[in-house]
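# Analysis of the macromolecular model
Chain residues, written in single-letter form:
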Amino acid sequence: MLTKQYKLTYPQLTATFAVTAMLLLAACQPSQLTKPAANAVGAAKTAVATVATAAPNAQMTDSITASDQTIKNGEVTIAKVMSEGPAWLDIYTDNNGQPGDVIGHAAIKVGENDNVAVQIDQTKATPTLYAMLHSDLGKVGTYEFPGVDVPVMMNNKIVDSTFTLSGLAMKPATPAQAVKPAAPATGAQPAETMIMLRKDAKLGDILTDAKGMTLYLFTKDTTEKSTCSGGCMTKWPAFTVKDASVKITGDTALTGTFATIKRDDGTFQVTYDGHPLYYYAEDKIAGDVKGQGVGTNWFALHADGKAVS
């Protein structure tokens with residue numbers, strides 16, 4: 001039979017031991033209980049119940065609950081945010097099925113936060129938005145992202161919630177926009193992209209994108225030159241940005257050099273210390289490292305830019 005375990009605080013443990021002692025004493029001398037003693041036993045039982053019901057609060061985990069909504073007064077409202085520490089709630093646009101630009105943020109206190117209102121930039125809002133929890137790791141109360149206030153991860157997955165937004169003002173399309181075909185979903189990132197470090201149980205600290213998807217290097221690449229093309233790109237999509245002007249930022253522990261190279265197909269691939277970066281098509285969720293060691297040529301990267309052995 002499975003049982004749920006709770007962690008008790010020191011005061012709760014102390015109260016539990018004291019209550020247990022009183023109940024044992026009462027059980028040993030039932031015929032000699034005075035009215036005050038009986039009252040004490042009743043209080044003891046109440047205390048036990050209080051400790052038992054308080055224990056589940058210790059099991060709080062970081063989470064976000066968001067629902068589809070209509071924008072009101074330039075704000076979105078997130079139904080519930082649970083946080084184990086000081087944090088920020090960031091609202092991201094959608095960029096081909098993954099978080100794009102941050103268009104608003106709000107401070108989150110420790111514990112349960114209900115109906116959190118976040119002012120957003122309506123001119124950049126997309127019909128689908130992401131509510132994402134960021135740690136307040138720098139100066140508490142000062143928003144520092146890009147920077148030290150990175151997304152929170154639970155079980156190797158970023159804590160976020162997707163919702164749809166209606167009521168946005170329609171932007172008139174120019175003739176050029178009206179005939180321009182939709183861009184295919186690729187590894188391209190928004191105007192500013194973040195590279196993070198994620199701790200893997202077996203591999204240690206490794207490079208990922210802002211969603212926690214593992215990034216890899218190809219040992220057959222030469223410095224700042226990709227040798228993966230054609231069918232190779234189907235299995236190992238390049239980690240790309242819109243163009244060379246995109247600002248690339250990284251976790252504070254990443255001291256290497258970020259840059260881009262122009263591939264033969266005209267796209268701009270992100271490099272770290274000269275290594276072109278790739279995804280692995282078989283990695284489906286944040287935390288997957290299925291590409292590690294494939295063909296003895298593909299490896300995740302450490303913070304120093306070296307392949308994970």
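Within each chain, residues carry numbers counting from 1 in the order of the written sequence. Totals for whole chains, interfaces and linings use all residues, but because this is a predicted model, local features are given only for residues with pLDDT of at least 70 and pairs of side-chain atoms are given and counted only at 80 or more. In computing side-chain values, all of the structure's heavy atoms are included and hydrogens and water are not.

## A few points about the overall build of the protein
- Helical segments are the DSSP runs of H or I of at least four residues, strand segments are the runs of E of at least two, and each set is numbered from the N terminus. Across its full length, the protein carries 4 helices and 19 strands.
- The buried label goes to any residue with under 20% of its type's maximum accessible area, the exposed label to any with over 50%, and the partly exposed label to all in between, with areas taken from a 1.4 Å probe on protein chains only. A total of 309 residues make up the protein; the buried ones form 40% of that total.
- Should any heavy atoms of two residues lie within 4.5 Å, those residues are counted as being in contact. Long-range contacts, defined as pairs at least 24 residues apart, comprise 67% of the intrachain contacts of the protein with a sequence gap of at least 6.
- Counting only carbon and sulfur atoms, one obtains 57% of the accessible surface of the protein, whose full area is about 17000 Å². All accessible areas in this document rest on Shrake-Rupley with a 1.4 Å probe, and a residue is counted as covered only by the protein chains that are shown.

## Considerations on the sheet that holds strand β3 (residues 75–83)
- Ordered by their spatial adjacency, 3 strands build an open sheet running β1-β3-β6, and the pairing between neighbours is antiparallel. Pairing within the sheet leaves two strands with one partner each, and these edge strands are β1 (63–65) and β6 (111–119). For this sheet the average axis-to-axis angle between neighbouring strands, irrespective of direction, equals 30°.
- Two strands are said to pair when DSSP picks up at least two bridges between them. As paired elements, β3 and β6 share 8 bridges and run antiparallel to each other. Bridge assignment links Met82 to a residue of β6, and that residue is Glu112. The axes used here are C-alpha line fits, helices contributing only the stretch in contact, and every angle between their N-to-C directions lies in the interval 0 to 180 degrees.

## Focus on unusual backbone geometry
- Here Asn73, not a glycine, exhibits a phi torsion of approximately 55°, which is positive.
- Along the chain, Asn73 falls in the loop between β2 (69–70) and β3.
- Judged by its relative accessible area of 75%, Asn73 is exposed.

## With respect to the confidence of the model for the protein
- One confidence number per residue, pLDDT, is output by the predictor and ranges from 0 to 100. Within the protein, residue pLDDT values average 80, and 73% of them lie at 70 or more.
- Note that pLDDT drops below 50 for residues 47–57; the model gives that stretch 13 contacts with residues more than four away or on any other chain.
- A low-confidence stretch, residues 172–187 (pLDDT under 50), is modelled with 12 contacts involving residues beyond four sequence positions or located in other chains.

## Concerning the side chain of Ser226
- Position of Ser226 among the secondary structure elements: in the loop between β13 (216–218) and α4 (231–235).
- Any N or O atom pair separated by 3.5 Å or less is treated as a polar contact, with the protein-specific requirement of one donor-capable and one acceptor-capable atom, and with residues adjacent in sequence counted only for side-chain atom pairs. Of note is the side chain of Ser226, whose polar atom sits 2.7 Å from the side chain of Arg263.
- Engagement of the side chain of Ser226 in a polar contact is seen with the side chain of Tyr278, the distance being 2.6 Å.
- If we ignore the near neighbours within four places in the chain, the residues touching Ser226 are Asp221, Ile261, Arg263, Gln269, Pro276 and Tyr278.

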